[in-house]
Protein chains: 2
Amino acid sequence: MAKALKPTNDAVEILHRRTYEGRPARMKNLEEARANEQIALKIQELRAAAALTQTQLAKLIGTTASVICRLEDADYEGHSLAMLRRIAAALNRRVEIRFVPIRRSA
Amino acid sequence: MAKALKPTNDAVEILHRRTYEGRPARMKNLEEARANEQIALKIQELRAAAALTQTQLAKLIGTTASVICRLEDADYEGHSLAMLRRIAAALNRRVEIRFVPIRRSA
DNA sequence: CAGTCTATTCGCAATATTGCGAAAGAGCAA
DNA sequence: TTGCTCTTTCGCAATATTGCGAATAGACTG
């Protein structure tokens, strides 16, 4: 029968537990949801700053308004780098990606 | 600025030369290709900094080594936010996305 | 040399994202 | 009210990304 927590000095195993098993997936989803929300908001802001309607921006990047609307929905979870870049390019910007260290309090 | 070949120990510069020289097809989407390349490199760096093998990182995010290898390929064009976040989370980081204005001068 | 660990490439199925039209809601002005 | 513009939601097909094993190559050690 399996031990609840088998002894290990395998750093990978330990980190895996910490990341996926020991923790409710809720936290990760929360952070992700927040991030998605911010992306949606950012797209909205960029479009507004450029004084474009959803239809206009859609045409700029070669898609339709419903797609833009979906991207600006705070609950949308399907953001992709490809799409963000298309929008950025249309608005004369580039997508900068950084891996920022997280401070895990206690 | 001079674009003539000069001695360099800048890894990005070296990789850039190796990737683009003699491949005019790339010049079209140069910026995007370069961005993908930097992402690949960044993943490699993060993994190395964490002292992980591809297999170990793969297990951390619940996939296989071949997937990690693909992500670290400078020619890979399929980078997604979802995957970047999984990697970031495993390495105790978060993905920060910014739309930065493009300076086309000079 | 064999053995081990790591990295890379390939092919295809499974899943996720995008494309797109149609319909309807919201707001505003005449 | 009607008309107009913009936005939002829905469903499904088309495309893109991921999962994953197997095979290969490279580096290193004894």
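Heads up: these notes are all about the structure in this document. (Residues numbered from 1 in each chain as written. Chains lettered and ligands numbered in written order. Predicted model: local features only at pLDDT ≥ 70, side-chain atom pairs only at ≥ 80, totals over all residues. Heavy atoms only, no water.)

1. Considerations on the protein's contact with DNA strand D
Where we set the bar: It suffices for a single heavy atom of a residue to lie within 4 Å of a molecule or strand for the residue to be listed as near it. Throughout this description, a polar contact denotes any pair of N or O atoms lying within 3.5 Å of each other; where both atoms belong to protein, one of them has to be capable of donating a hydrogen while the other can accept it, and for residues adjacent in sequence the pair is counted only when both atoms sit in side chains. Going along the chain from the N terminus, every DSSP run of H or I of four or more residues is numbered as a helix, and every run of E of two or more is numbered as a strand. All amino acids are sorted into three groups, where Ala, Val, Leu, Ile, Met, Phe, Trp, Tyr, Cys and Pro are nonpolar, Asp, Glu, Lys and Arg are charged, and the leftover types, Gly among them, are polar.
Not every one of the 18 residues close to DNA strand D is listed here, only the nearest: Arg47 and Gln54 of chain A together with Tyr76, Ser80 and Arg86 of chain B. Within 4 Å of the protein, atoms of DNA strand D come from sugar and phosphate in 70% of cases. At 3.1 Å from a phosphate oxygen of DNA strand D is found a side-chain nitrogen or oxygen belonging to Thr63 of chain B. Between DNA strand D and Gly78 of chain B, the relevant distance is 3.3 Å, taken from a phosphate oxygen to a main-chain nitrogen or oxygen of the residue. When residues of the surface near DNA strand D are traced back to their parent elements, those giving at least two are helix H4 (65-72) of chain A together with helix H4 (65-72) and helix H5 (81-90) of chain B. Within the surface near DNA strand D, the residues separate by chemical class into four nonpolar, nine polar and five charged.

2. Focus: the interface of chain B and chain A
The line we're drawing: Whether two residues are in contact is decided by their heavy atoms: any pair within 4.5 Å suffices. The quantity reported as buried area is the accessible area (1.4 Å probe) lost by two parts once they are put together, taken as the sum for both. The term salt bridge refers to a pairing of a side-chain nitrogen on Lys or Arg with a carboxyl oxygen on Asp or Glu at a separation within 4 Å. Pairing between strands is defined by DSSP: at least two bridges between the two strands are required.
Across the contact, 30 residues belong to chain B and 28 residues belong to chain A. Here chain B packs against chain A, burying approximately 3100 Å² in sum over the two surfaces, 61% of which is carbon and sulfur. Broken down residue by residue, the surface that chain B buries against chain A is led by Leu60, Arg85 and Phe99 of chain B, which jointly contribute 25%. At the junction of chain B and chain A, the tally comes to two salt bridges. Arg98 of chain B serves as the salt-bridge partner of Glu96 of chain A, at 2.6 Å between the closest nitrogen and oxygen. For the pair chain B and chain A, the number of links is eight residue pairs in polar contact (both at pLDDT 80 or more). The element contributing the most residues to the side of chain B that touches chain A is strand E1 (residues 93-101) of chain B, with nine residues. Its residues placed into classes, the side of chain B that touches chain A shows 16 nonpolar, five polar and nine charged. In this structure, strand E1 (residues 93-101) of chain A lies alongside E1 of chain B, joined through nine bridges in antiparallel fashion.

3. Quick look at the relation of the copies chain B and chain A
Basically, it comes down to this: C-alpha atoms of residues with pLDDT of at least 70 in both copies form the basis for the least-squares superposition of the copies.
Under the fitted operation, chain B is carried onto chain A by 0.1 Å of movement along the axis and a turn of 180°, and the coordinates agree to an RMSD of 0.2 Å. Classification of the inter-copy transformation places it as that of a two-fold axis. Of all interface residues in chain B, 80% are interface residues in chain A too; the two copies therefore contact each other through one and the same surface.

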